[in-house]
Amino acid sequence: MTDYTKCPTHNLHKTWINNTKKAYLYERLSGDKVRCHLCPRQCIIPVNSVGFCKVRKNLSGELYALSYEKAVQITTEFIETEAIFHYRPGANILSLGNFGCNLNCMYCQNWNVSQFQFTSPDWIHTYSSNEVIQRAKKDNIEILSWTYNDPVVWYEYVVDTAKKAREAGLKNLFKSAMYIGQDALTELTKHIDIFAVSIKAIDEDYYTSFTKGDLLPVLSACEYLVKNHPEIHVEISNLVVTDLTNNLESYDKMIDFVLEKLGPEIPIHFTRFHPAYKYNHVPRTPVEDVALARERALERGIKYAYVGNVFDHEGLNTYCPNCKNMLIKRYGLKSTIVDMTGNICNKCGSNILLKH
Ligand code: SF4
């Protein structure tokens, strides 16, 4: 793992100082320090220092978002890539990733962009909001996906671009661990159409030990979204990590939370992990484990439960919660609607969660 920030010829923070955006959510403190209000970490940052996420810096007593307009390669993908199965199946999305993160999960699947020091300068490109929107329009893509690292730390650029994208007739998908402050979340709900939320585990100690974050703000953000914004589409995913969360207690806590706090209509994806970053000593999550988690979720009353990072499995398909008729068949990331019309199951007439 190369730490690029220690390399004198590739000091990204120095390079970017003249091309940054003043942060939206912070306060000035005495001694030219600032307190960042973007996420629950609430970093207090002295002059010329960065916060935990490494992409927000105090310059002369003001907080700046260093990564504004800077992204890793933009790509076109299917919406299913983001563990979203109930919003326009098969739709193309324009995926936009950035770098830095306000968590530090020891098994991070995108560690070489989420942990800023490992992001090579060669991977970083500059895109204005208008360029992103024009690219989507040119390629007939109707959904921008804010993804890869956690887009919370790209907040100013996401808000500015998502707002313009909406005006241009596009939708916005925000894929996040939702470790975010309430003011930031409230603002995002004005611009984001779809939240793909990754909950790591329903366990405070787990968050502290393996993600360097806290559980409660994540759960509060999920509940806030579902209870206050029915117009926003939400799906939950849970990365099932070998020897950490591939156990019945972990599955049941996740299922309990979704059932009791979000409701049985909210889809949940149990996703396989692959060894990465600082957690390399175990194999990939067995397919049987994510399949078992899915089965328990369905048995206990979740209407739509899936396996993730599996190519060919019945747990990828959507079935009618009432009559079990197969409605959408999936192979890898490809979705085919097989037996429903609009939102209605062709066999029993039940209304199915599907946004178009
Ligand atoms: S967004 Fe970054 S700088 Fe701001 S509080 Fe969170 S970790 Fe700290």
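Before reading further, recall that the structure is shown in the block above.
Residues numbered from 1 in each chain as written. Predicted model: local features only at pLDDT ≥ 70, side-chain atom pairs only at ≥ 80, totals over all residues.

Peer 1: Would you mind showing me how to read the packing of helix 3 (residues 129-138) against helix 4 (residues 155-167) here?
Peer 2: What describes two packed helices is the angle between their axes and the distance between those same axes. Where helix 3 contacts helix 4, the two axes come as close as 9 Å, and the packing angle between them is 40 degrees. In terms of orientation, helix 3 lies oblique with respect to helix 4. Every pair of crossing elements has a handedness; the one defined by helix 3 and helix 4 is right-handed. Where helix 3 approaches helix 4, its residues Ser129, Val132 and Ile133 are matched on the opposing element by Asp160, Thr161, Lys164 and Ala165. Across the contact of helix 3 with helix 4, the residue classes tally to three nonpolar, two polar and two charged. (Axes fitted to C-alpha atoms, helices over the stretch in contact; angles between N-to-C directions. Helix = DSSP H or I, 4+ residues; strand = E, 2+ residues; numbered from the N terminus. Parallel < 35°, antiparallel > 145°, perpendicular 65-115°, else oblique. Left-handed = near helix turned anticlockwise from the far one by under 90°. Contact = placed C-beta atoms within 7 Å. Nonpolar A, V, L, I, M, F, W, Y, C, P; charged D, E, K, R; others polar.)

Peer 1: I tried to follow the site of the ligand on my own but got confused; where do I start?
Peer 2: Residues in close proximity to the ligand include Cys36, Leu38, Cys39, Arg41, Gln42, Cys43, Gly51, Phe52, Cys53, Arg56, Asn102 and Val153, which together make up its full environment. Split by residue class, the shell around the ligand holds seven nonpolar, three polar and two charged. (Near = placed C-beta within 6 Å.)

Peer 1: How do you make sense of the sheet that holds strand 4 (residues 44-45) when you look at a structure like this?
Peer 2: Within a sheet, each strand pairs with its neighbour through backbone hydrogen bonds, oriented either parallel or antiparallel. Judged by pairing direction, the sheet is antiparallel, and its three strands sit side by side in the order 2-3-4 without closing on themselves. Each of the sheet's edge strands pairs with one partner strand only, and the pair in question is strand 2 (26-28) and strand 4. The pairing of strand 3 (residues 34-36) with strand 4 spans two bridges and is antiparallel. From the neighbouring strand, valine 34 faces strand 4, where its bridge partner is isoleucine 45. (Pairing = 2+ DSSP bridges.)

Peer 1: What's the story with helix 3 in this structure? I'm lost.
Peer 2: The periodicity of an α-helix, 3.6 residues per turn, causes residues three or four places apart in sequence to face the same way. Listed as buried for helix 3 are Val132, Ile133 and Ala136. Projected down its long axis, helix 3 shows its buried positions confined to an angular sector of 95 degrees, all on one face. Exposed residues on helix 3 whose side chains face more than 90 degrees from its buried face are Asn130 and Lys138. Here the buried face of helix 3 lies against strand 9 (92-97), strand 11 (143-147) and helix 4. Two residues or fewer past helix 3, asparagine 140 is found with a positive phi of approximately 55 degrees. (Buried ≥ 20, exposed ≤ 12 C-beta atoms within 10 Å, placed from the backbone. Arc of directions from axis to C-beta.)

Peer 1: Before we go on, may I ask you to explain the nonpolar core in this structure?
Peer 2: The tendency in soluble globular proteins is for nonpolar side chains to be buried side by side. Residues Leu144 and Leu173 are the most contacted members of the largest nonpolar core, which totals 98 residues. Look past the residues within four positions of leucine 144 in its chain and what remains in contact with it is Leu94, Leu96, Val132, Ala136, Ala165, Leu170, Asn172 and Leu173. Core analysis: the second largest hydrophobic core is formed by seven residues, Tyr319, Cys320, Leu327 and Cys345 among them. (Core = buried A, V, L, I, M, F, W, Y, C linked by C-beta atoms within 7 Å.)

Peer 1: For this particular structure, what's the right way to read helix 7 (residues 215-228)?
Peer 2: With 14 residues, helix 7 should reach 20 Å at 1.5 Å per residue; the first-to-last C-alpha distance of 20 Å fits that figure. Taken as a whole, helix 7 has its buried residues at Val218, Ala221, Cys222, Leu225 and Val226. For helix 7, the arc enclosing every buried residue in end-on projection is 120 degrees, short of the 170-degree limit, so these residues lie on one face. Turned more than 90 degrees off the buried face of helix 7, the exposed positions are Leu216, Lys227 and Asn228. In this structure, the buried residues of helix 7 make contact with helix 5 (182-188), strand 13 (194-198), strand 14 (233-240) and helix 8 (248-262). (Expected span 1.5 Å × (residues − 1).)

Peer 1: Looking at this structure, I do not really get unusual backbone geometry. What am I missing?
Peer 2: Its identity is not glycine, yet alanine 83 carries a phi of approximately 60 degrees, on the positive side. Its place among the elements puts alanine 83 in the loop between strand 8 (75-78) and strand 9. With 23 C-beta atoms counted inside 10 Å, the residue alanine 83 sits in the buried group. Positive phi, normally seen in glycine, also occurs at tyrosine 148, with a value near 75 degrees. Of the residues examined, tyrosine 148 has 22 C-beta atoms within 10 Å and is grouped as buried.

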